[in-house]
Amino acid sequence: MPRIAALVRWTTGHRVAAVALVALAMAIDLFRVADMSVWGDEAFSIGLVSLSWPELWRYAWTTEVNMVLYHALLKGWLDLNAVFGIPPVELVVRLPSVAFGGLAVLVVFWTGRRFWGTTVGVVAAALLLLNHVMLLMSRYTRSYTLEVFLVCLGSCVLLVALTALRHRARWWAAYALMMTAALYAHLFSGLVVAAHVVAFTALLWLPTQWRDAARRSLRAMAICLVSISVAALPLLVFAATHGSPNLHVPPSSPYEVARALWNIAGRSVWYGLLLAGATAAGIVFTLRAWRTRRRSRAFPLGPAVVLCSWLAVPFVLAYVASQPRLNLHLFAWGYLVVVVPALCLLAGVGAAALPRRLARFALTTCLVVAAALAIPADSFTAGQDFRTAGVWIAENYQARDGLVCSTWSCALSLSYYERLGRIPTALLDASPVQWSWTRGGASPLDLADIQTYAQVHPRIFFVESVLDGDLAEVKVRAATAREWLDDHYALLADVPLASLAGPVRVRLYAVDR
């Protein structure tokens, strides 16, 4: 029977460390979050949960079911705030993501401490809260931190269920519940379930203390997998019949692999090498402890197998599934945030496994400091700055002015600011529609609609916000609209707004009569 480190009681020091880590994570995530513009998919999620409950369910199960759990929670949160008269400003809509990010840090600390000790827990949690990708997702009104939290919790519960002496059925039921919830938070979590299957299969055959525990749990694991599959059947049917909604995600390639690793490492070569070295050290020391039977309790193989599978399997499966011939549009560095906790835990194991105390302290310090220094400055910048664009438009608005957006992201984002009262409602009332909830989403920017619209507006604000990853048709339609406006209207102002993902440009035209 594997040693169960969880039986060591939490001391006051452990509680203080846990609270401090969560508080630090939330403090960093909240930095400037109220000043960052809503954009893109954030505006989609906010717009979706602004519908009534029947309309939300109808849209989810007919058009886009992914993240349905998150959208239900977000709608409940915003409805609760509305009861107290709190408007859905940027801080409010992002608080759930910040909170789930903090909870994920707590679970990683708890997992590291439970199976390896306090040092691993602290280091892993610190690396997670400072990770570039995790930091971005914790400040984003989307489901990613909820997914990370549930995946972390499910992975930890799996290990506990394997080693539990009491209430084993409850632990296995909790595992099935957590991973089902993770799937309803984001379909990408299915690759983590696959990673758990690979890890469990390895534990069934590897000659370790964990083999007996895995074989004794074979029936329970099988029941859990069947239960998860049955519970997630509506998601699977929807995915099979509707296909991938992420057509903007390019096919996987060595370049996309490098891009993913580059972002996970905070765009720092030195930190990336240090993180990779600590991770490799964690794997090597665990294997050495297993083969020599020395310190095997301090560095158990079972949890390390789960971490390695959790890190590698989603990465590999997403890469294979997104090859050009198949291309399920899964290999995106943002989606791969689910493997970051496993990477941080393995790096923590590597730091704690060094034989000399001074070496452990040096590596631990270097890892945490390098992680902090590797945070890119633009991590605290909006992907696209529709907020400033809206302010400029409101300041320069005149009666009978019109507004044309080049992308659905612009239309949804400015609609959000219109609901907050920051943009005149009249400006959007008759604007050419690029998004319709009743028609199932984005409609293309049509030049004929713009020509009709222009006949009744002496001035028009044209907001360009095309991104490199947008479909070719979107780019062509936006360019065609801009060229027509240039030919028929006098350009009064051209305001470029630099942003992280791509620029937003507000062009004000007046009819040349």
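What you see is a predicted model; the values in this text were computed from it and never measured.

**Student:** I tried to follow the overall build of the protein on my own but got confused; where do I start?
**Tutor:** Across its full length, the protein carries 23 helices and six strands. Here the C-alpha atoms of the protein give a radius of gyration of 25 Å, agreeing with the 24 Å that 2.2 N^0.38 yields for 513 residues. In terms of its C-alpha atoms, the protein occupies a principal-axis envelope of roughly 90 × 50 × 50 Å. Here the protein, with 513 residues, has 54% of them falling under the buried criterion. Of the contacts made within the protein by residues no fewer than 6 positions apart, 78% connect residues no fewer than 24 positions apart.

**Student:** Teacher, can you tell me more about the sheet that holds strand β5 (residues 489-497) here?
**Tutor:** The strands making up a sheet associate through hydrogen bonds between their backbones, and the pairing can be parallel or antiparallel. If you walk across this open sheet you meet the four strands as β1-β4-β6-β5, and the pairing is mixed. For this open sheet the edge positions go to β1 (402-405) and β5, each flanked by a neighbour on one side alone. Strand-to-strand twist of the sheet, defined as the mean angle between neighbouring strand axes without regard to direction, takes the value 20 degrees. Pairing geometry for β5 and strand β6 (residues 504-511), over eight bridges, is antiparallel. Among the inter-strand pairings, Leu497 is bridged to a residue of β6, identified as Val504. Along the sheet face, helix α20 (residues 408-419) touches β1 and β4 (459-464) and points at about 135 degrees away from the line of β1. The sheet strands contacting helix α22 (residues 447-454) are β1, β4 and β5, and the helix crosses β1 at an angle near 170 degrees.

**Student:** Would you mind going over the layout of surface pockets with me for this structure?
**Tutor:** Left-over empty space is what a probe sized like a water molecule reveals as it rolls over the atoms. Approximately 630 Å³ is the volume found for the second largest pocket. The wall of the second largest pocket is formed by 28 residues, among which Leu187, Phe188, Ala239, Leu328 and Leu330 lie closest to the centre. At the level of secondary structure, the elements contributing two or more residues to the lining of the second largest pocket comprise α10 (190-205), α12 (218-231) and α13 (233-242). For the lining of the second largest pocket, a count of residues per class yields 17 nonpolar, ten polar and one charged.

**Student:** What is the right way to look at the side chain of Glu256 in this model?
**Tutor:** Relative to the helices and strands, Glu256 resides in helix α14 (residues 254-264). Non-local contacts of Glu256, meaning those with residues more than four positions away in its chain, are made with Pro250, Pro251 and Phe331.

**Student:** Help me out: how do you make sense of the nonpolar core in this one?
**Tutor:** In terms of nonpolar packing, the biggest core is built from 157 residues, with Leu127, Trp172, Tyr175, Leu367, Ile393 and Leu414 touching the most fellow members. When residues in this core are grouped by element, the largest group, 14 residues, is from helix α8 (residues 144-163). Residues in contact with Tyr175, not counting those within four places in the same chain, are Gly154, Val157, Leu158, His196, Met221, Cys224 and Ile228. Within the second largest apolar cluster, twelve residues are counted, among which are Val404, Ala454, Leu485 and Tyr489.

**Student:** Looking at this model, I keep getting lost on the pattern of salt bridges. Mind explaining?
**Tutor:** For side chains of opposite charge, pairing can occur when their charged atoms come near one another. Scanning all chains against the criterion turns up 13 salt bridges. Across the salt bridge formed by Arg142 and Asp41, the nearest N and O atoms sit 4.0 Å from each other. Placement of the pair is Arg142 in the loop between α7 (132-138) and α8 and Asp41 in helix α2 (residues 40-49), with a sequence separation of 101 residues. We classify Arg142 as buried; its relative accessible area is 9%. Look at Asp41 and you get partly exposed, because its relative accessible area is 25%.

**Student:** What exactly am I supposed to notice about the environment of Met178 here?
**Tutor:** Here Met178 shows up in helix α9 (residues 168-185). As a C-alpha pair, Met178 and Val157 span 21 residues in sequence and 8.5 Å in three-dimensional space. What Met178 contacts, discounting residues up to four positions off in sequence, is Leu150, Leu153 and Gly154.

**Student:** Whenever I open this one, the state of the cysteines confuses me. Can you help?
**Tutor:** Linking two cysteines covalently through their sulfur atoms gives a disulfide. Under the definition given, this model contains one disulfide. Free cysteine Cys152: the closest other cysteine sulfur is in Cys344, separated by 9.1 Å. The exposure class of Cys152 is buried, given its relative accessible area of 2%. Cysteine Cys366 shares no disulfide, and the gap to the nearest cysteine sulfur, in Cys344, comes to 17 Å. Exposure remark for Cys366: the relative accessible area of 42% places this residue in the partly exposed category.

**Student:** What exactly am I supposed to notice about the packing of aromatic side chains here?
**Tutor:** Each aromatic ring pair is specified by the distance between its two centres and by the angle formed by the two planes. Enumeration over the complete set of coordinates arrives at 17 aromatic pairs. Residues Phe31 and Phe380 carry aromatic rings whose centres are separated by 5.1 Å and whose planes lie at 85 degrees to one another, so their mutual orientation is edge-to-face. With a gap of 349 residues between them, Phe31 in the loop between α1 (12-30) and α2 and Phe380 in the loop between α18 (357-373) and α19 (386-396) connect regions that are remote in the sequence. A residue is classified by how much of its surface remains accessible, and Phe31, at 44% relative accessible area, is partly exposed. Ring centres 5.5 Å apart and planes at 45 degrees place the aromatic pair Phe44 and Trp437 in the tilted group. Of the two residues, Phe44 is situated in helix α2 and Trp437 in the loop between β2 (435-436) and β3 (441-442); the sequence distance between them amounts to 393 residues. Judged by its relative accessible area of 8%, Phe44 is buried. The ring centre of Trp53 lies 5.4 Å from the NZ or CZ of Lys75, which sits over that ring. Over the ring of Trp205 we find Arg215, and its NZ or CZ is 5.6 Å from the ring centre.

**Student:** Hey, could you run me through unusual backbone geometry in this one?
**Tutor:** For Arg32, which is not a glycine, the phi torsion comes out positive at approximately 65 degrees. Here His329, not a glycine, exhibits a phi torsion of approximately 60 degrees, which is positive. Looking at the secondary structure, you find His329 in the loop between α16 (301-321) and α17 (340-353). Given a relative accessible area of 11%, His329 falls into the buried group.

**Student:** Is there a simple way to think about helix α4 (residues 68-83) in this case?
**Tutor:** An α-helix turns once every 3.6 residues. As a result, residues three or four positions apart point the same way. Under the 1.5 Å per step criterion, the end-to-end length of α4 is 23 Å for 16 residues, consistent within 8% with the ideal 22 Å. Buried residues of α4: Val68, Tyr70, His71, Ala72, Leu74, Lys75, Leu78 and Asn81, and no others. In this structure, the buried side of α4 is in contact with α2, α3 (53-62), α5 (90-115), α8 and α9. Gly85 occupies a position one or two residues after α4 and carries a positive phi of about 75 degrees.

The rules behind the values
Residues numbered from 1 in each chain as written. Predicted model: local features only at pLDDT ≥ 70, side-chain atom pairs only at ≥ 80, totals over all residues. Heavy atoms only, no water. Helix = DSSP H or I, 4+ residues; strand = E, 2+ residues; numbered from the N terminus. Rg over C-alpha atoms; globule rule 2.2 N^0.38 Å. Buried < 20%, exposed > 50% of the residue type's maximum accessible area, 1.4 Å probe, protein only. Contact = heavy atoms within 4.5 Å. Pairing = 2+ DSSP bridges. Axes fitted to C-alpha atoms, helices over the stretch in contact; angles between N-to-C directions. 1 Å grid on protein atoms, 1.4 Å probe; cavity = no way out; pocket = protein on both sides within 12 Å on 5 of 7 lines; lining within 4 Å. Points joined across faces, edges and corners; volume = space filled by probe spheres on them. Nonpolar A, V, L, I, M, F, W, Y, C, P; charged D, E, K, R; others polar. Core = buried A, V, L, I, M, F, W, Y, C linked by side-chain atoms within 4.5 Å. Salt bridge = Lys/Arg side-chain N within 4 Å of Asp/Glu carboxyl O. Disulfide = S-S within 2.5 Å. Phe/Tyr/Trp six-rings, centres within 6.5 Å; stacked < 30°, edge-to-face > 60°. Lys NZ or Arg CZ within 6 Å of the ring centre and 35° of its normal. Expected span 1.5 Å × (residues − 1).

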